[in-house]
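So you can see what is in the structure, the chains are spelled out below.
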Amino acid sequence: MLHFKDEFETEDYKVIRHCIGSFGVNTYIIICKKTHKAAVIDPGGEVDALVECLRSHDAQVDWMLFTHAHIDHIAGAQGLADGVSIGHVAYHRADDIVVEHIPDMCKMFGVPVVPMPRRTDDLAESAEFSVGGLQVRTIATPGHTPGGVCFYIAEHGLCFTGDTLFKGSVGRTDFEGGDGHALRQSLDLLLSILGDDVKILPGHGKYSTMGAERASNFYLKIDKYR
């Protein structure tokens, strides 16, 4: 069930967020307004709604991107790939082990097994790419999963942080492949790269800014995560 949809835009881009399903995963569509090229980040389900949204904006999906391969973030991926033309399917190869265990995770949560489309691009090797006129940098942020990444659009001050960094919290590390030490290093990397004005667009929950998280996120302050 689609919980809600919201959006914001500038003259250069539009970001549309769909909050999807019982896990409340944030699926993002970002569209370059000059070229109509788009990326879909973490398609978590409600495929018909995503397809309709893309078509209503005359958007061409250049990239299907995954911050990581947990089932809530990939549940709609194959359906979307079947419903619209997609140029590239990309996630970090270190999450291959997570993909292999998708059936086990589906069983654990009591949901049908969801397929993962074939990867065309390895984000371990393709650190930078473009969505139309938008330049995207991949930041490897393992910890929540081995291949966790964030997508940073520096020119526009946007960072899609998946389940690495939330408003007021950080990603859990108790699933298979989680690593608390790696997460600490990833959080420190984000702290070193992202300025205070960067808008944080997490995999679940509300938006934030890096400045707000730097000032008030308990998990960025305690020694366990530094």
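Nothing here was measured: the structure is a model prediction, and the numbers come from that model.

Some points on a nonpolar patch on the surface
Phase 1 of the analysis: Together, Phe23, Met108, Phe109 and Val111 give the surface a local cluster of nonpolar side chains, amounting to about 350 Å² of exposed area.
Phase 2 of the analysis: Considering the arrangement of structural elements, one finds phenylalanine 23 in the loop between β2 (13–20) and β3 (25–32).

Thoughts on the sheet that holds strand β8 (residues 128–131)
Backbone hydrogen bonds are what pair the strands of a sheet, in a parallel or an antiparallel way.
Phase 1 of the analysis: The six strands are arranged β8-β9-β10-β11-β14-β15 in an open sheet whose pairing can be described as mixed. Each edge of the open sheet carries a strand with a single partner, namely β8 and β15 (208–209).
Phase 2 of the analysis: Sheet topology places strand β11 (residues 158–162) next to strand β14 (residues 199–202); four bridges connect them, and they run parallel. When the bridges of β14 are listed, leucine 158 appears paired with lysine 199.
Phase 3 of the analysis: Against the sheet, helix α6 (residues 180–193) engages β9 (134–140) and β10 (149–153), with an angle of about 145 degrees to β9.

Notes on helix α1 (residues 47–56)
Phase 1 of the analysis: Turning to α1, its buried residues are Leu50, Val51, Cys53 and Leu54. Projection of α1 onto a plane perpendicular to its axis shows the buried side chains occupying an angular sector of 160 degrees, all on one side. Away from its buried face, by an angle of more than 90 degrees, α1 presents the exposed residues Asp48, Glu52 and Arg55.
Phase 2 of the analysis: Those residues of α1 that are buried are in contact with β2, β3, β4 (37–41), β5 (60–65) and α3 (77–83).
Phase 3 of the analysis: Phi for aspartate 58, located one or two positions after α1, is positive at around 50 degrees.

Focus: the nonpolar core
The nonpolar side chains of soluble globular proteins are, as a tendency, buried together.
Phase 1 of the analysis: Formed by 32 residues in total, the largest nonpolar core has its most connected members in Ile29, Leu54, Phe66, Leu80, Ile102 and Met116.
Phase 2 of the analysis: If one sorts the elements of this core by residue count, α1 sits on top with four residues.
Phase 3 of the analysis: Ile30, Ala39, Phe160 and Leu201 belong to the second largest nonpolar core, which has 23 residues in total.

Some details on the packing of aromatic side chains
Each pair of aromatic rings is reported with the distance of its centres and the angle of its planes.
Phase 1 of the analysis: What the rule picks out here adds up to nine aromatic pairs.
Phase 2 of the analysis: With a centroid separation of 6.3 Å and an interplanar angle of 90 degrees, the aromatic rings of phenylalanine 8 and tyrosine 13 are classed as edge-to-face.
Phase 3 of the analysis: On the accessibility criterion, tyrosine 13 (5% relative accessible area) is buried.
Phase 4 of the analysis: Where phenylalanine 23 meets phenylalanine 109, the ring centres are 5.4 Å apart and the plane angle is 85 degrees; that geometry is what we call edge-to-face. Separated by 86 residues along the polypeptide, phenylalanine 23 in the loop between β2 and β3 and phenylalanine 109 in helix α5 (residues 102–109) bring together distant segments of the chain.

Remarks on α5
Phase 1 of the analysis: If you check which residues of α5 are buried, you get Ile102, Met105 and Cys106. Taken down its axis, α5 places every buried residue within 100 degrees of arc, on the same side. What points out from α5, more than 90 degrees from its buried face, is the exposed set Lys107 and Met108.
Phase 2 of the analysis: In this structure, the buried residues of α5 make contact with α2 (71–74) and α4 (96–100).
Phase 3 of the analysis: Phi turns positive one or two residues past the end of α5, at glycine 110, with a value near 70 degrees.

Focus on the pairing of β10
Phase 1 of the analysis: Counting buried residues in β10 gives five out of five residues, a clear majority hidden from the surface.
Phase 2 of the analysis: Burial of the side chains of β10 extends over both faces: Val149, Phe151 and Ile153 are buried on one face and Cys150 and Tyr152 on the other.
Phase 3 of the analysis: Sheet topology places β9 next to β10; four bridges connect them, and they run antiparallel. Its bridge partner being in β10, arginine 137 is matched across the sheet by tyrosine 152.
Phase 4 of the analysis: Taken together, the three bridges between β10 and β11 define a ladder with antiparallel strand orientation. When the bridges of β11 are listed, phenylalanine 151 appears paired with phenylalanine 160.
Phase 5 of the analysis: Turn length for the β10-β11 hairpin, with the two strands adjacent in sequence and antiparallel, is four residues, and the turn residue glycine 157 shows positive phi of about 65 degrees.

Analysis parameters
- Residues numbered from 1 in each chain as written.
- Predicted model: local features only at pLDDT ≥ 70, side-chain atom pairs only at ≥ 80, totals over all residues.
- Heavy atoms only, no water.
- Patch = residues over 30% accessible without salt bridge, like charges linked within 9 Å, V, L, I, M, F, W, Y side chains within 5 Å.
- Areas by Shrake-Rupley, 256 points an atom, 1.4 Å probe, with all protein chains shown as cover.
- Salt bridge = Lys/Arg side-chain N within 4 Å of Asp/Glu carboxyl O.
- Helix = DSSP H or I, 4+ residues; strand = E, 2+ residues; numbered from the N terminus.
- Pairing = 2+ DSSP bridges.
- Contact = heavy atoms within 4.5 Å.
- Axes fitted to C-alpha atoms, helices over the stretch in contact; angles between N-to-C directions.
- Buried < 20%, exposed > 50% of the residue type's maximum accessible area, 1.4 Å probe, protein only.
- Arc of directions from axis to C-beta.
- Core = buried A, V, L, I, M, F, W, Y, C linked by side-chain atoms within 4.5 Å.
- Phe/Tyr/Trp six-rings, centres within 6.5 Å; stacked < 30°, edge-to-face > 60°.

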